Amino acid sequence: MTQYIYLTVLLPLLGFIVNGIFGKKYFSEKISGIIGSGTIGASFLVALLSFIQVLGLPSEQRSIEVSLFNWFNIGNLNINVAYQVDQLSLIMALIVTGVGFIIHVYSIGYMHNDKGFARFFAYLNLFIFAMMNLILGSNFLILFLGWEGVGLCSYLLIGFWYDRKFEKSTTSDAAKKAFIVNRIGDFGFLIGLFLIYLTFGSLNFKEVFPAVNAMSNTTIFNLIALFLFIGATGKSAQIPLFVWLPDAMAGPTPVSALIHAATMVTAGVYMVARCSVIFASAPAIMTLVAVIGAVTAIFAATIGLVQTDIKKILAYSTISQLGYMFLAMGVGAFSAGIFHVMTHAFFKALLFLGAGSIIHAMHDKQDITNYGGLKKYMPATYKTFLIAALAISGIPPLSGFFSKDEILWNAFANGGVVLWLVGVVTSLMTAFYMFRLYYLTFEGKERFGHDAHPHESPKIMTIPLIILAVLSVIGGFVGIPAVFGGENSNLFEKWLEPVFADANRKLSFYNSYGHTTEILLMLVTVTGAVCSILLARFIYLKRISIADNLSRTFPKVYKILLNKYYVDEIYNTAVVNPIVKISDRFLWKITDNKLIDGLVNGTADVILLISGYIRKIQTGVTQIYALVMVLGIGLAIFWLILSIK
Amino acid sequence: MENLKTLVDSLYLLKPEIAISCVLVLVIIMDLIMDKNKTFLPYVALTGFIITAFLVVEQYFFKTSITQNLQKLLVIDAVGAFFKLIVILASCLIVYFSLISKEVKEAFDRHGEYYALICGMVIGMFFMISSADLIMIYLSLELVSLSSYVLAGFTKNSLRNSEASLKYFVFGAMSSGIMLFGISIIFGLTGTTNLLAVKSVMAAGGNSLTFLFASILIFAGIGYKISAAPFHFWTPDVYEGAPITITAYLSIASKAAGFALLIRFITLGYVQQIDASGAWQLVAGSIDWKKFFTVISILTMTLGNFAALWQDNIKRMLAYSSIAHAGYLLLGVVVLTNQGLSAVILYFIVYAIMNLGAFLVVMLIANKIGSEEIDDYKGLGYATPFLGVCMAIFLISLTGLPPTAGFIGKLYLFTALIEAKMIPLAVIAIINSVVSLYYYIRVLKHMFLTRPQNEDLVINTSFAEYVIVLVLAVPVILFGIYFTPIVNLAKNSVALFLQ
């Protein structure tokens, strides 16, 4: 089946074309939905069968390149449209198509009666197409195409309800913000690609990575890794380019679940993992990745503590969890990072879909302070949401526990106590704000008005929730740490080992701590998480006044957190406004209006003038034509004879 | 007797030409016998063309170029077969166009004549593409010209139609006269009309000044066929006046045959050998073709593009655009390398598709609104979104912007130039493409950015029209993204060239 892996790319494209061209005019919602999710389901099947087939191969044969055709071959640049099937890309493909399929199905219910129903599915399919190119591409150019493609789809889907208001402006503004911030990152990524091409003369993985492995010049690797990482911070919403993700919540909730939680935002993590050899050759950048990851994790978690919009909380939580993944990358725990990508995809998609179900029930109201007591109205949503909240808080034996624990352990062993401590504190905060969200939403008094009639969502929405809940529960068992199950119990790490073998060889690990330390640390985090949950329960169920008192006692801290550290405002004053002013006063009024327009219009005028003369030669009189022709021949002969000597 | 035997033995090399001659005779006879119902005539021609196309494809795989047979009059090789394929496929499409063209339908009583003349042109072009002898070149050129004079004035329903035909004739007669003069001089110099023999006589040391003079005169005849400046004057008038089907046909098939002839003329008559890197080594003392073509191509594309800026009639605009494209195509000849030749071939594939497509949309719109003025295109994008979008695809491709096939064609042409270290010429060509953007996009501006004059105008497209437009529009996009097959086709065609 691996030779048909391109189907996982083509089927979504087909879905996009069919739904995009015929959807609006000819298809009912049912047909659009079936085409939209059917193609992704089929892609998932292909990916699954490929996975099973590869599982049967010995580990050194598990990396297979499926070349479709030679795309172009100009100068030294030889690019094939080729897909790489290996342990890493298969895992990602399974996550994207699997979770993607579930979310597609859910969307059939969620987008019911929307006037852009077919368009929605067309965009979603286009997104999966781009995402599959990103993760399956066997060279940097295909990866980059996918990278840009998902950015475009993200833009299209954030602004999907382009006629709706969002906060102080419109969804289009949110979409533009996401696009522009991403472009800044993409620019860095592009420079990284240029550097790679300059250094190695190729963009193909199978030529670049062995070359990196053989070289030891860290300066150029530091540069390449730095620019690649800038790209990753844009796509994966890390400091300093994270500002777009909270605004991206303007899109429909399934979009937030699919693109802004489970798949697209993990593209940066995937890219770093794919280029693990390059990063491992650049120790300084590895440290930078770890630090940025840790800082982003705790930074976003603190903001998450005080937000009241259900999707905003989840958005900050996503940023924070992505920080974890980069922390893992930075300390060289690549497989732990990808493991967290997977478990996070399960429980975060579940949280978002659950939030969507709630928003659906509460008639598009998103403020958790107006929820409360929804437990009895929405049993399925409530149960699954609780599972997801426990999973993200790292309560064993749910999936989040295993991946988070692996990251924290690696941070402690290879990154030092500080990074570990930041990770733990973040983890406690995560548990706290998730359960703040949970208690305010499902337990306690009903704080919504009488006009709201909360109800459980239809089956087509709850069944996806249940599937994801199951995955959130059992998803972690593929990565049981060695301390519990012995040497070979971490199947996930074993599976990915060959992909990261070269990188791991380059890194020096300290890892001299014993199992006792590991269990001790684990106990600390789990106990801490449980305490945080209990604290959240105490505050938000019993004594809501504590929260109010706290915010009154520390008004400044509260205000800073509520306003997200004023990052948007700082960016506006420091970057956006100066650019706008310079653009307005200088670039637009002088450079553009006078200089460029002058040049362009001047050239155009000259061309038109010349053209006017040329046109006059064409008089319509045949004799003149003949004359000019003979003159031309005469001139040519004359000139050639003169130049013969 | 010996001659006759070799002639009979080598007849299989002429299968396509023989087939098309049979079609010609068949069309005439059927036209004479069945004088009531002539609707089936196009289908006879179409079937004949399709059969011929298969024979040409067969010829493509002959692998060897055979000049020994056929009295050294003709060369049969993959490059020639490729150009024949372009001609015959264009002919098939033109027959299809004629079926849905209002102009042609109105002259239904002379259909036999129309299709017979097209067959005549095809025969002429086939011989043009493979001729290796000056007499053969002249005869085939005349055969094509005479058929096209009549076709250009075929509909007879307007003054400009007859004017086009007459101008075409006068101008054509003159250039073929000049060409014949050149041929006679060469015969006088060398005592032969065979290009290979001429080359060996001249290489042994002939009067190079006279030779140069004669070569330029012969080029005048070829330059007139490919409408290179300053032999292009007939093009706008004829293209505007002739029926659209014939205009489209002239802009593709006749140009393809002209370029094949030019390449044949240069390689047989002036190229000593092709070295390992694919560069064409000219014989000592021959004309500096590189310099000559550089000037001609700059002149051609600049004149074409600049004159197109002012045009109000879309057919006339496309005529100038096709002159400009002749200039671009000459860029591939300028470099005198196999890479350049394969770039020309690639560009011809692309050019044939996009130019036929543009003419087709113009024809379909003229069928409905009865006008070819760009001003009358206002708001047509709303009246017929399908044709509007397809027109946009064709025009963007003609400009050479990605992701269309036109971009790929230009990319390979410019790459050939840069590999031959002719960067200034590449820069001029790129500036020309930028200028061309203006007049192509102006049409789109009229179609999409201006409100329609008649809000209720709705143009319906029939199924047959949908199919043919899509047949041309889809490859333009497809080859813009997935261009490996056409690039390989171009490379393979050249691989066996003159080795």
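Residues numbered from 1 in each chain as written. Chains lettered and ligands numbered in written order. Predicted model: local features only at pLDDT ≥ 70, side-chain atom pairs only at ≥ 80, totals over all residues. Heavy atoms only, no water.

Let's talk about the overall build of chain B
- Per the secondary structure count, chain B includes 21 helices and two strands.
- Against the compact-globule benchmark of 23 Å for 499 residues, chain B has a radius of gyration of 22 Å, which places it among compact chains.
- Structurally, chain B occupies a C-alpha span of about 75 × 60 × 40 Å along its principal axes.
- For chain B, the proportion of its 499 residues judged to be buried stands at 65%.
- Intrachain contacts of chain B at a sequence separation of at least 6 include 80% that bridge at least 24 residues.
- With an accessible surface of roughly 17400 Å², chain B has 69% of that area assigned to carbon and sulfur atoms.
- With 29 positive and 27 negative side-chain charges, chain B shows a separation of 5 Å between the mean positions of the two kinds. (Helix = DSSP H or I, 4+ residues; strand = E, 2+ residues; numbered from the N terminus. Rg over C-alpha atoms; globule rule 2.2 N^0.38 Å. Buried < 20%, exposed > 50% of the residue type's maximum accessible area, 1.4 Å probe, protein only. Contact = heavy atoms within 4.5 Å. Areas by Shrake-Rupley, 256 points an atom, 1.4 Å probe, with all protein chains shown as cover. Lys, Arg positive; Asp, Glu negative; His and termini not counted. Charge placed at Lys NZ, Arg CZ, Asp CG, Glu CD.)

What to know about the overall build of chain A
- A count of helical and extended segments in chain A gives 26 helices and four strands.
- Expressed as lengths along the three principal axes of its C-alpha atoms, the size of chain A is roughly 100 × 60 × 50 Å.
- For chain A, with 645 residues in total, the buried portion stands at 55%.
- The contacts of chain A with a sequence gap of at least 6 include a subset with a gap of at least 24, amounting to 80%.
- Carbon and sulfur atoms form 68% of the exposed surface of chain A, whose accessible area is close to 26300 Å².
- Here chain A carries 44 positive and 33 negative side-chain charges, and the mean point of each set is 6 Å from the other.

Some remarks on the interface of chain A and chain B
- Every contact between the two is made by 30 residues of chain A and, on the other side, 40 residues of chain B.
- Taking both partners together, chain A and chain B bury about 3200 Å²; carbon and sulfur atoms supply 80% of that area.
- The largest per-residue losses of area from chain A upon contact with chain B belong to A:Gln618, A:Met629 and A:Leu640, which jointly make up 20% of the total buried on that side.
- Taken together, the connections running from chain A to chain B amount to zero salt bridges.
- For the pair chain A and chain B, the interface holds three residue pairs in polar contact (both at pLDDT 80 or more).
- The set of elements that each furnish at least two residues to the side of chain A that touches chain B consists of strand S1 (64–74), helix H25 (567–617) and helix H26 (622–642) of chain A.
- No other element matches H26(A), which puts 13 residues into the side of chain A that touches chain B.
- Partitioned by chemical class, the residues of the side of chain A that touches chain B number 21 nonpolar, eight polar and one charged. (Buried area = accessible area lost by both parts, 1.4 Å probe. Salt bridge = Lys/Arg side-chain N within 4 Å of Asp/Glu carboxyl O. Polar contact = N/O pair within 3.5 Å; in protein donor to acceptor, adjacent residues only side chain to side chain. Nonpolar A, V, L, I, M, F, W, Y, C, P; charged D, E, K, R; others polar.)

What about the packing of aromatic side chains?
- Per the counting criterion, the structure on display carries 65 aromatic pairs over all chains.
- Centroid distance A:Phe432 to A:Tyr540: 6.0 Å. Interplanar angle 55°. Geometry classified as tilted. One end of the pair, A:Phe432, is in helix H18 (residues 417–442); the other, A:Tyr540, is in helix H22 (residues 515–542), and 108 residues separate them in sequence.
- We classify A:Phe432 as buried; its relative accessible area is 15%.
- Between B:Phe83 and B:Phe348, the ring centres sit 5.6 Å apart and the planes meet at 80°, which makes this aromatic pair edge-to-face. One end of the pair, B:Phe83, is in helix H4 (residues 78–100); the other, B:Phe348, is in helix H15 (residues 338–369), with 265 residues separating them in the sequence.
- Looking at B:Phe83, the relative accessible area reads 0%, which means it is buried.
- Taking relative accessible area as the criterion, B:Phe348 reaches 0% and is therefore assigned buried.
- A connected cluster of aromatic rings, assembled from ring pairs, spans A:Tyr625, B:Tyr149, B:Tyr168, B:Phe169, B:Phe171, B:Tyr224, B:Phe233, B:Trp234 and B:Tyr239. (Phe/Tyr/Trp six-rings, centres within 6.5 Å; stacked < 30°, edge-to-face > 60°.)

Let's talk about the packing of helix H14 (residues 314–334) of chain B against H15(B)
Residue and element names in this part refer to chain B.
- Two numbers describe how H14 lies on H15: the axes approach to 9 Å, and their chain directions differ by 170°. By the angle between their directions, the pair H14 and H15 is classed as roughly antiparallel. Between H14 and H15, the contacting residues are Ile314, Lys315, Leu318, Ser322, His325, Tyr328, Leu329, Gly332 and Val333 on the first element and Gly340, Leu341, Val344, Tyr347, Phe348, Tyr351, Met354, Asn355, Ala358, Phe359 and Val362 on the second. (Axes fitted to C-alpha atoms, helices over the stretch in contact; angles between N-to-C directions. Parallel < 35°, antiparallel > 145°, perpendicular 65-115°, else oblique.)

Description of a nonpolar patch on the surface
- Side chains of B:Phe463, B:Tyr466, B:Val467, B:Leu470, B:Val471, B:Val474, B:Leu478, B:Ile481 and B:Tyr482 sit close together on the surface and give an oily, nonpolar patch of about 800 Å² of accessible area.
- You can call B:Leu478 partly exposed: its relative accessible area is 44%. (Patch = residues over 30% accessible without salt bridge, like charges linked within 9 Å, V, L, I, M, F, W, Y side chains within 5 Å.)

Overview of helix H9 (residues 195–203) of chain B
Residue and element names in this part refer to chain B.
- Among the residues of H9, those classed as buried are Leu195, Val198, Lys199 and Met202. Down the axis, H9 shows its buried residues gathered within 100° of arc, on one side only.
- Between the side-chain oxygen of the N-cap and the backbone nitrogen of Leu196 there are 2.9 Å, and the N-cap of H9 in question is Asn194.
- Gly205, located one to two residues past H9, shows a positive phi value of around 110°. (Arc of directions from axis to C-beta.)

A word on the pairing of strand S2 (residues 77–85) of chain A
Residue and element names in this part refer to chain A.
- Judged from the nine bridges that link them, S1 and S2 form a sheet pairing that is antiparallel. Looking at the pairing, Asn70 lines up with Asn80 of S2.
- Connecting S1 to the antiparallel partner S2 that follows it, the hairpin turn spans two residues, and Gly75 within it adopts a positive phi of roughly 60°. (Pairing = 2+ DSSP bridges.)

Structural notes on the pattern of salt bridges
Residue and element names in this part refer to chain A.
- Using the criterion set out here, one finds 21 salt bridges over all chains in the structure.
- Between Lys115 and Asp163 there is a salt bridge, with its nearest N and O atoms 3.2 Å apart. Pair noted here: Lys115 is in the loop between helix H3 (87–110) and helix H4 (117–136) and Asp163 is in the loop between helix H5 (140–158) and strand S3 (165–166), with a separation of 48 residues, a long-range link. For the pair shown, Lys115 and Asp163 are each scored as exposed.

Considerations on the side chain of A:Glu406
- Examined against the element boundaries, A:Glu406 turns out to sit in helix H17 (residues 399–415).
- Within the buried set, A:Glu406 has no salt-bridge partner at all; the shortest N-O distance to an opposite charge, 9.9 Å, is to A:Lys494.

Some words on unusual backbone geometry
- A cis amide bond links A:Ile239 to the next residue, A:Pro240, at an omega of 5°.
- With an omega of 0°, the peptide bond between B:Ala229 and B:Pro230 qualifies as cis.
- Relative to the elements of secondary structure, B:Pro230 occurs in the loop between helix H10 (208–225) and helix H11 (234–241).
- Although it is not a glycine, A:His363 sits at a positive phi angle of roughly 55°.

Quick look at the pairing of strand S1 (residues 271–274) of chain B
- Relative to strand S2 (residues 280–282) of chain B, S1(B) runs antiparallel, the two sharing three bridges. Residue pairing in the sheet places B:Val271 in a bridge with B:Leu282 of S2(B).

Here's the deal with the state of the cysteines
Residue and element names in this part refer to chain B.
- Enumeration according to the criterion identifies zero disulfides over all chains in this entry.
- Between Cys22, a cysteine without a disulfide, and Cys119, which holds the nearest cysteine sulfur, the sulfur-to-sulfur distance is 11 Å.
- When its relative accessible area of 0% is taken as the criterion, Cys119 is described as buried. (Disulfide = S-S within 2.5 Å.)

Things to note about a negative patch on the surface
- A cluster of acidic side chains, namely B:Asp312, B:Glu373, B:Asp375 and B:Asp376, defines a negative patch on the protein surface.
- Here B:Asp312 is to be found in the loop between helix H13 (289–308) and H14.

Thoughts on H18(A)
Residues and elements named next belong to chain A.
- Taking 1.5 Å as the rise per residue, H18 with 26 residues should run 38 Å; its terminal C-alpha atoms sit 37 Å apart, in good agreement.
- Counting buried positions over the 26 residues of H18 gives 20, a clear majority of the element.
- Among the residues trailing H18, Gly444 stands out with phi positive, at a value near 75°. (Expected span 1.5 Å × (residues − 1).)

What about the side chain of A:Thr171?
Residue and element names in this part refer to chain A.
- Topologically, Thr171 is positioned in helix H6 (residues 171–200).
- On the accessibility criterion, Thr171 (2% relative accessible area) is buried.
- Residues within four places of Thr171 in sequence aside, it is in contact with Ile158, Gly159, Trp161, Tyr162, Arg164, Lys165, Phe166 and Ala250.

Some words on the confidence of the model for chain B
- Looking at chain B, the pLDDT average stands at 88 and 97% of residues meet or exceed 70.
- ipTM for the predicted complex: 0.82, alongside a pTM of 0.84. (pLDDT = per-residue confidence, 0-100.)

Considerations on the environment of A:His453
Residue and element names in this part refer to chain A.
- As for its placement among the helices and strands, His453 is situated in the loop between H18 and helix H19 (459–474).
- The spatial distance from the C-alpha of His453 to the C-alpha of Gly36 is 31 Å, given a sequence separation of 417 residues.
- Other than its neighbours up to four places away in sequence, His453 contacts Ala361 and His363.

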